[in-house]
Amino acid sequence: MTRTIVLAGAAGYGGTYLREIAELEARGRVRLVGLCDLHPLDTDTHKQFGDRPFDSRLDRLLAETKPDLAIVATPIHTHLPLSRHVLNAGSHLLLEKPPAPSAAEWREVLTLARHKGLSCQVGFQSLGSGAYARLAKLMAAGELGEIRGIGCYGAWSRDAAYYQRAAWAGRRELDGVPVADGALTNPFAHAVATALALDRSTGWDDVADLDAELLRVRDIQVDDTSCLRLRTRHNTVITIAVTLAAQTPTEPVVVVHGTQRRAELHYTRDLLVLDGQPEHHGRTSPLENLLAHLDDGARLQCDIEACGAFTRVLEHINATPAPRLISEPWLTREGDGPTARTHIPGVEQAVRASAEKLATFAELAEPWAL
Ligand SMILES: NC(=O)c1ccc[n+]([C@@H]2O[C@H](COP(=O)([O-])OP(=O)(O)OC[C@H]3O[C@@H](n4cnc5c(N)ncnc54)[C@H](O)[C@@H]3O)[C@@H](O)[C@H]2O)c1
């Protein structure tokens, strides 16, 4: 069956959806019936999709095109108003992560989707990885033994241009509305959501004892180097230690410490390492999974409701005092202007140690965190 789609957000991450939609159109699975963006399409997108209806107002475009589903891949603080348009138009929704910048907004999307009887998938693509599914199954079957804890670490590097690319980048709030673009709630949001899902603790009430250490190396409102620890309804301790100020970036890893086995999930690479043995897997994208859900009732990888625990984390971070600026002696700098980067020497080892020991930066006595 061919499903009709509207995409809101035609540049930025929306480019990933355009590539996927082109492939799915070639297979007859979908038909893109409209594009929405505040800015005109770039030359390449115009060449490929310039024959489709385009509007800067999503409500108008939805009224004209009446799609089966709409994808919202726009800045976080626009998710609620655009989701309202989609659901009120009677279309199913694929909403980019994080679903909302506050608990109230997440609840409103969830309530409206349920009220309208429409599906709402959230674009946490790590939950569509075969590596995630295999590990979740092993854990649920007790194959790793008792779970002593789950530690995640991530060490990326971002230049000044990353924070200059959009008005909402690096903001806690913009023009009085929450944005929540911190390292834990946006770039490394997948680590948080994946760890919680592996523990089958995805509901709002499934997490407690949250403790966040929020730090930054730049003149931004949000954290770029952070450590979160919490306890889940299964009494599992989860830590997530991340940075965007690494000198030697590496892909993030979720480490599951079982009493019998140890698993490392490299969620961006669909790689599972079980007691040192690597297994490579494939993945099903959030869009493909939503199509299968609509066609055959397949279970959604990430229903909006399953973002409850994630949103509780986000709300906790929103309520935590503004991140502390790490002082100059602990930092090194490289490049100028848009390519300028700031590093915390040794931060790669610190995030890894946090995941191994389930400890916070302060407990590890990292000098820049004290
Ligand atoms: N799943 C992932 O791995 C992943 C990766 C990157 C970004 N994202 C998410 O994708 C979303 C978009 O991020 P981005 O970096 O591409 O943002 P962006 O600032 O680049 O904006 C994307 C597009 O949305 C358009 N836009 C902004 N406001 C709009 C509105 N009100 N109506 C219509 N179009 C509008 C912009 O003009 C732009 O073309 C965010 O939720 C982000 O967290 C997800």
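Predicted model only: the values in this text are computed from it and were never measured.

### Here's the deal with the site of the ligand
Near the ligand, the surroundings consist of 23 residues, among which Tyr13, Asp37, Lys97, Trp168 and Asn186 are the closest. Glu96 has a polar side-chain atom sitting 3.0 Å from a nitrogen atom of the ligand. For the ligand, whose unbound accessible area comes to 850 Å², protein coverage reaches 83%. Of the residues contributing to the shell around the ligand, the split by class is 10 nonpolar, nine polar and four charged. For the shell around the ligand, the domains that each give at least three residues are domain 1 (3-125) and domain 2 (126-283 + 304-369).

### Comments concerning the sheet that holds strand E16 (residues 277-280)
Strand order in the open sheet made by the nine strands is E16-E15-E14-E13-E7-E12-E11-E10-E17, with mixed pairing throughout. Edge positions in the open sheet fall to E16 and strand E17 (324-325), since each of these has one partner strand only. Of the pairings in the sheet, the one linking strand E7 (residues 147-157) to strand E12 (residues 237-243) comprises six bridges and is parallel in character. The residue bridging Ile150 from the neighbouring strand is Ile238, located in E12. Where helix H6 (residues 130-140) meets the sheet, it contacts E7, strand E13 (245-258), strand E14 (262-266), strand E15 (271-274) and E16, and its direction lies at approximately 35° from that of E15. Along the sheet, helix H11 (residues 347-357) contacts E7, strand E11 (225-232), E12, E13 and E14; its crossing angle with E13, the most-contacted strand, is approximately 10°.

### Here's the deal with the environment of Lys116
With respect to the helices, strands and loops of the structure, Lys116 is situated in helix H5 (residues 103-116). Overall, the relative accessible area of 38% leaves Lys116 in the partly exposed class. Along the primary structure Lys116 and Arg200 are separated by 84 residues, whereas in three dimensions their C-alpha atoms are 27 Å apart. When residues no more than four places from it in sequence are discounted, the contact partners of Lys116 are Leu87 and Asn88.

### Notes on the domain arrangement of the protein
The assigned domain composition of the protein is domain 1 (3-125) and domain 2 (126-283 + 304-369). Measuring from the centre of the C-alpha atoms in domain 1 to the corresponding centre in domain 2 gives 27 Å. Contacts between the two partners involve 22 residues from domain 1, matched on the other side by 27 residues from domain 2. Regarding the contact of domain 1 and domain 2, the summed buried area is about 2,000 Å², with carbon and sulfur atoms giving 68% of it. Counting the surface domain 1 buries against domain 2, the share from its top three residues, Trp106, Phe124 and Gln125, is 34%. Scanning the region where domain 1 abuts domain 2 turns up one salt bridge. For Glu305, the salt bridge goes to Arg114, with nearest N and O atoms at 2.9 Å. At the surface where domain 1 touches domain 2, the tally comes to 11 residue pairs in polar contact (both at pLDDT 80 or more). Elements that contribute at least two residues to the side of domain 1 that touches domain 2 include exactly H5 and strand E6 (120-122). Ranked by residue count, the leading element in the side of domain 1 that touches domain 2 is H5, at seven residues. Grouping the amino acids of the side of domain 1 that touches domain 2 by side-chain chemistry returns 14 nonpolar, four polar and four charged.

### Side note on H11
Along H11, the positions that sit buried rather than exposed are Val347, Glu348, Ala350, Val351, Ser354 and Ala355. Contacts from the buried residues of H11 go to E7, E11, E12 and E13. Backbone geometry just after H11 places Leu358 at a positive phi near 55°.

### So, the pattern of salt bridges
One pass over the full model with this rule turns up 20 salt bridges. Residue Arg134 pairs with Glu279 through a salt bridge whose shortest N-O separation is 2.8 Å. Here Glu279 lies in strand E16 and Arg134 lies in helix H6, a separation of 145 residues in the sequence. The closest approach of N and O atoms between Glu356 and Arg262, which form a salt bridge, is 2.8 Å. Of this pair, Glu356 sits in helix H11 while Arg262 sits in strand E14, and the two are 94 residues apart along the sequence. With relative accessibility at 35%, the residue Glu356 sits in the partly exposed group.

Basis of the calculations
Along each chain, residue indices are assigned from 1 in the same order as the chain's sequence is written. pLDDT decides what is reported in this predicted model: residues at 70 or higher carry local features, side-chain atom pairs at 80 or more are listed and counted, and totals for whole chains, interfaces and linings draw on all residues regardless. Side-chain numbers here rest on the full set of heavy atoms in the structure, without hydrogens or water. Residues are counted as near a molecule or strand when any one of their heavy atoms sits within 4 Å of it. Under this definition, polar contacts are N or O atom pairs within 3.5 Å; protein pairs additionally need one hydrogen-donor-capable and one acceptor-capable atom, and for neighbouring residues in sequence, both atoms have to be side-chain atoms. Surface accessibility follows the Shrake-Rupley procedure with a 1.4 Å probe radius. Residue values consider only the protein chains on display as shielding. Side-chain classes are defined by residue name, with Ala, Val, Leu, Ile, Met, Phe, Trp, Tyr, Cys and Pro counting as nonpolar, Asp, Glu, Lys and Arg as charged, and the others, Gly among them, as polar. Each domain's extent is set by a domain assignment, obtained either automatically or from a database. We call two strands paired when DSSP finds no fewer than two bridges between them. A run of DSSP states H or I qualifies as a helix once it reaches four residues; a run of E qualifies as a strand once it reaches two. Both are numbered from the N-terminal end. Every residue pair with non-hydrogen atoms within 4.5 Å of one another is taken to be in contact. Note on geometry: axes are C-alpha line fits, over the in-contact stretch for helices, and angles between N-to-C directions span 0 to 180 degrees. The cut-offs for exposure are 20% and 50% of the maximum accessible area for each residue type, with area from a 1.4 Å probe on protein chains only; residues under the lower value are buried, those over the upper are exposed, and the others partly exposed. Note on definitions: buried area is the accessible-area loss of two parts on being combined, 1.4 Å probe, summed for both. Every case where a carboxyl oxygen of Asp or Glu lies within 4 Å of a side-chain nitrogen of Lys or Arg is listed as a salt bridge.

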